[in-house]
Each structure stands twice: as C-alpha cells, then as structure tokens.
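Residue-level structure breakdown
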Amino acid sequence: MAASSQPRKATYDAIVIGAGIQGSFTAYHLAQRHTDTLLLEQFILPHSRGSSHGQSRITRSAYPRALYARMMPDSFRLWQRLEAEAGTSLYRRTGLVVLGPAGNPELEGCRHSLGADQVLDATVLARLFPGLRLHTGEVAVWDGTGGVLFADRALRAVQDVFRRHGGTLRDGEKVLRIEPGAVLTVTTTAGVYRAPRLIITAGAWTGALVAPLGLRLPLQPLRINVCYWREKEPGSASTGRTSPCFMALGLSQAPRGIFGLPALEYPGLVKVSRARRRRGGVPWPAPLTSCPPQVCYHHGSPADPEERDRAPPGAPHPDIALLSSFVSSYLPGLEPWPAVVETCLYTVRP
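Now for a look at the structure at hand. Quick caveat, the model's predicted, so the values are computed rather than measured.

About the cut-offs
- Residues numbered from 1 in each chain as written.
- Predicted model: local features only at pLDDT ≥ 70, side-chain atom pairs only at ≥ 80, totals over all residues.
- Heavy atoms only, no water.
- Helix = DSSP H or I, 4+ residues; strand = E, 2+ residues; numbered from the N terminus.
- Expected span 1.5 Å × (residues − 1).
- Buried < 20%, exposed > 50% of the residue type's maximum accessible area, 1.4 Å probe, protein only.
- Contact = heavy atoms within 4.5 Å.
- Axes fitted to C-alpha atoms, helices over the stretch in contact; angles between N-to-C directions.
- Parallel < 35°, antiparallel > 145°, perpendicular 65-115°, else oblique.
- Left-handed = near helix turned anticlockwise from the far one by under 90°.
- Nonpolar A, V, L, I, M, F, W, Y, C, P; charged D, E, K, R; others polar.
- Pairing = 2+ DSSP bridges.
- Phe/Tyr/Trp six-rings, centres within 6.5 Å; stacked < 30°, edge-to-face > 60°.
- Salt bridge = Lys/Arg side-chain N within 4 Å of Asp/Glu carboxyl O.

Next up on the list: helix H1 (residues 21-32). In a regular helix each residue adds 1.5 Å, so 12 residues correspond to 16 Å; H1 covers 16 Å between its end C-alpha atoms and thus fits that length. Within H1, burial applies to Gly23, Ser24, Phe25, Ala27, Tyr28, Leu30, Ala31 and Gln32. The inward-facing, buried residues of H1 contact strand S1 (14-17), strand S2 (37-40), helix H2 (66-86), helix H5 (151-164) and strand S13 (198-200). The first or second residue beyond H1 is His34, which carries a positive phi of 60 degrees.

As structure tokens, then:
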C-alpha cells in the first residue's frame, strides 16, 4: 500500500508498530505535532487479520463509567476534524438504545452519564422501535449521540491524512527484533530503523513481540464470532430510515452484554454481537419499524493470532447458541440462527 510510493530511510523521531485503528491514530497525532513518524504494519493493507477491519463499529456517549462518558465530546470533535481533513463521512448518527433490568448498576451508570432522564418503558420502546422487545422488569435508555463509525473507511482516512502530514507508512513488514536503548533499533523483514521513541500497538501480537524484552504481559487474544441474522420477512427492516444501535446489559444469560448495529456489509441481514469487557437532553427519535442488522456477543475462545482462521473444536459454538436465544426473545422479527458468521480478534486482560 505505502512502501512503493515513499522513500526509505533509517532514522525517525518515533516508530509505531501496528497500523490498526490505535496505531494509526497514534501516528496521525504524532505527525500533526510535526514528529517524523514511521508506522509499521506486518500485513499488506487493507487486511482482516486483526481487530480493526469491517465496515461498522458503534460509538456512543452512554458508558457505565463516567470517565469514558466525559471523554466522548472530545472524541466526537476529533472524528469531525478527521472527516474535514479527509473530506469524507465517517459517522452515521442512528441513536442507541441501552436495555436491561430496571435498577441494573451498569444501566443506571449509562443513564447518569447521559445527564438526562432518557428512560423508555416497554410501551414507548414498542412504539418507537417495534423490532426491539422488552420483558417484564426491564427498561431502556436512549442515547441520541450513538451511531455507527465506518471502520474500514476511517482506517483508510486516518492513514491517508497521516501520510499527508509527512508520516511514513510501511505495510508488509513484520517486526523481527526490538533493541532497547537511548535510540531504539527495530529490525523488520525489509529493513532496520532507529528512533528515540517507540510505541507498540500490535494488538493480539503484542505479547509475543515484547516477550524477548523480558516483558510478560497478561494479554489473551480471543477469537470472536460476529453474526448476521436474516429477517423473517425480507425488507421488513428497510423503511428508508436507519435503524438504531443497541446494547443489552445485565442479562443473566449474557453477563458480558450484547450489542447490535445496522449491518452495512450485508443488506437484509441483522448484525448482533456479544460484548467483550464492558468499560465500565436529546430529543426522542421518530418512530422506526426496523431492528439493528448486526447482533454480537463479543466474548469468545482463546486464540493464537497466527491461527485465527482455525475454528475452535466443538459445535454448536456456545456463543452462537446464546445469541440465537437472545434474538428469538428480543428480536422476534429475525430468523433464530445466523445466516453469516465471521470472526474477529479481541485482546483482553484480567
């Protein structure tokens, strides 16, 4: 992607290893501050081997932990600045429904973080979002800032703007060795580079990368199933409006949470996922009749990032069975078994 068009040199002010969304944004901010920065990626870009691929991700202000909620106004401003620099749209505001048992601490934390009483009972939710169903003792909270980030497009945009600011991006270069010192030396499959500062954002590969330096980080890569669900009545979710995102917290059958968002990848399918580790006035929307096209439960099986495509033994997968039960109960307009299953890597810690 980058190596053929940028001159090769050996010395930089900073080196960033890993060109996922974390590393790419780190390099982008360094370059904005006139820091001569090299961004290294072991795979040819774009790729789907790590955690930053795919067309869509949720963004929101509703967080159980106040720290994250307080960060969000700055976050939205930074996304808007990148959109202006890149000349492209990276965010679609859809709103977000957070649902769960009344009085659940995390749900209450989300409500508090929004700074307003945006609670929907089952009657209001059914009127606004007929595709979502609440059960006895459950409520929902509305986050009007929530929406979908276009992940692949955002990754390309931040990398393009990084290079426009003078940064160097080299893909297809796997790091073989890191030598510490006042000036660090990074040896890759294609060259040797030096810089006084090194930032490692290698995701699932971080543990193996730093182990030779004597660092034993308690990082666990997980292989996540990302599921898309077909509508029972094709076209029922296509009303000319964008469906809201949603999160389900505090459910006994899904202690790590479930989230869903409009699936841009597969028209007519719904994307629902299990959440991995939770981090802790807006006007009411107009009525919608569709439900979110992706539903996921983002907790999965321990995985070797070098063997990501090797499916874990045992079928059916318990996460998919859990999601199937959730879809049948909360999204009755969808078929109860996923039409498409993809994988993604998450890296978690204790």
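Another aspect to go through is the packing of H1 against H5. Relative orientation of the contacting elements H1 and H5 amounts to 30 degrees, with a least axis distance of 9 Å. Relative to H5, the element H1 lies roughly parallel. By crossing handedness, the relation of H1 to H5 is classed as left-handed. Along its contact with H1, which presents Ile21, Ser24, Phe25, Ala27, Tyr28 and Ala31, the element H5 presents Leu155, Val158, Gln159, Val161 and Phe162. By residue class, the composition of the contact of H1 with H5 is 9 nonpolar, 2 polar and no charged.

Within a sheet, adjacent strands bond to each other through the backbone by hydrogen bonds, running parallel or antiparallel. Pairing is parallel across the open sheet formed by 4 strands, whose spatial order is S9-S2-S1-S13. Taken across any chain shown, the strands that pair with only one partner, and hence form the sheet edges, are strand S9 (168-170) and S13. Across the sheet, the mean angle separating the axes of adjacent strands is 15 degrees when strand polarity is ignored. Bridging between S1 and S2 involves 4 bridges; their strand directions are parallel. By the bridge assignment for S2, Ala14 is matched with Thr37.

Take the packing of aromatic side chains next. By the definition in use, this model includes 9 aromatic pairs. Pairing Phe25 with Tyr28 gives two aromatic rings, centres 5.7 Å apart and planes at 85 degrees, and the pair type is edge-to-face. Placement of both Phe25 and Tyr28 in helix H1 is noted, with a separation of 3 residues, approximately one turn of the helix. Take Phe25 and Tyr28: they sit in the same class, and that class is buried.

On to unusual backbone geometry. Backbone torsion omega between Leu45 and Pro46 reads -5 degrees, so that peptide bond is classified as cis. One can find Pro46 in the loop between S2 and strand S3 (56-59).

With that settled, consider the pattern of salt bridges. For the coordinates displayed, the defined rule picks out 5 salt bridges. Here Arg163 ties to Asp160 by a salt bridge, and the two come within 2.8 Å at their closest N and O atoms. Of the two residues, Arg163 and Asp160 both sit in helix H5, 3 residues apart, roughly one turn of that helix. Arg163 sits in the partly exposed class, given a relative accessible area of 23%.

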